[in-house]
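Structure at a glance
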Amino acid sequence: GAGVQAFEGKLLDIHSGDSVTILRSDKNIEQRVFFSSMRAPSMQVQDDPLPWAWEAREYLRKNYLGKKVAVEIEYSREMPLKEGFTGPPKIMDFATVFLGKKNLGAEVLKNGFGNIMFSKQDGEMSKYFDELSDAEAEAKQAKKGLWGIKPAPKHKYFDLLKNHKQAKVFQEYIQMEKSLTGVVEYCFSANKFKLRVNEGNCYCSFFCH
């Protein structure tokens, strides 16, 4: 797209280390953006994310979810429709997202959870590219995350909706525990959620009555 589109809003959802959804203050609509000129490892499916994808997403969730941010959409890309599909093309908006003066993409890179990207398309480069490049160099120097010697931690979670044997074990476990903490992974409706329970290494459904 031509020119920079700027707006503010609330950081509503973290899809991965390089993609978030903002609830725009000006239009009161949700808008998904991808961080300009960088990429974090893909979450793919929840059971099999790429190395460091989990850490990248969790870093953003723990530090920035629910915060008011400023967004600068720097360029957009039209994605070709898959064979056999019809309808309007999917548009991906690439942006730099700030909390105060913190560039969230640069913070992800600084922790070693992503790498800078060079585009072959004219105009597809963040005006903050130097900051992103410096952040990546800092992570490489410190041997963090992707640039380190240690392999990424493994994260194995059971989906109790698909595994009845594990569900029975978890039911016995929660009866012994007074309280558990969880992260809402998906909202099915106003009173039904998919929760990630770290203590039980599982995903489960949660209903509010």
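How each quantity is defined
- Residues numbered from 1 in each chain as written.
- Predicted model: local features only at pLDDT ≥ 70, side-chain atom pairs only at ≥ 80, totals over all residues.
- Heavy atoms only, no water.
- 1 Å grid on protein atoms, 1.4 Å probe; cavity = no way out; pocket = protein on both sides within 12 Å on 5 of 7 lines; lining within 4 Å.
- Points joined across faces, edges and corners; volume = space filled by probe spheres on them.
- Helix = DSSP H or I, 4+ residues; strand = E, 2+ residues; numbered from the N terminus.
- Contact = heavy atoms within 4.5 Å.
- Buried < 20%, exposed > 50% of the residue type's maximum accessible area, 1.4 Å probe, protein only.
- Pairing = 2+ DSSP bridges.

Moving on, we come to empty space enclosed by the protein. Enumeration according to the criterion identifies one cavity of 30 Å³ or more in this entry. Quantified by volume, the largest cavity comes out at close to 50 Å³. As for the largest cavity, its lining consists of Phe-35, Ser-36, Met-38, Ala-95, Thr-96, Val-97, Asn-103, Gly-105, Ser-126 and Leu-132. The biggest single contributor to the lining of the largest cavity is strand E6 (residues 90-99), with three residues.

Structurally, Glu-136 can be placed in helix H3 (residues 129-141). Glu-136 has contacts with Leu-109, Asn-115, Ile-116 and Trp-147, leaving out every residue within four places of it along the chain.

So, about the environment of Trp-147. Position of Trp-147 relative to the elements: it lies in the loop between H3 and strand E9 (158-159). Judged by its relative accessible area of 29%, Trp-147 is partly exposed. Here the alpha-carbon distance between Trp-147 and Asn-111, two residues 36 residues apart in the chain, equals 9.7 Å. In this structure, Trp-147 is in contact with Gly-112, Gly-114, Asn-115, Glu-136, Ala-139 and Lys-140, ignoring residues within four places of it in sequence.

Turning to the pairing of E6, a few remarks are in order. Most of E6 is tucked away: seven of the 10 residues are buried. In the sheet, strand E3 (residues 30-35) pairs with E6 via two bridges, with the strands oriented parallel. Each residue of the ladder has a partner; that of Phe-34, found in E6, is Phe-94. Inspection of the sheet shows strand E5 (residues 68-79) paired to E6 by nine bridges, in the antiparallel sense. Looking across to E6, one finds that Glu-72 is bridged to Thr-96. In this structure, the hairpin formed by E6 and strand E7 (residues 102-103) is closed by a connection of two residues, where Gly-100 is found at a positive phi of approximately 65 degrees.

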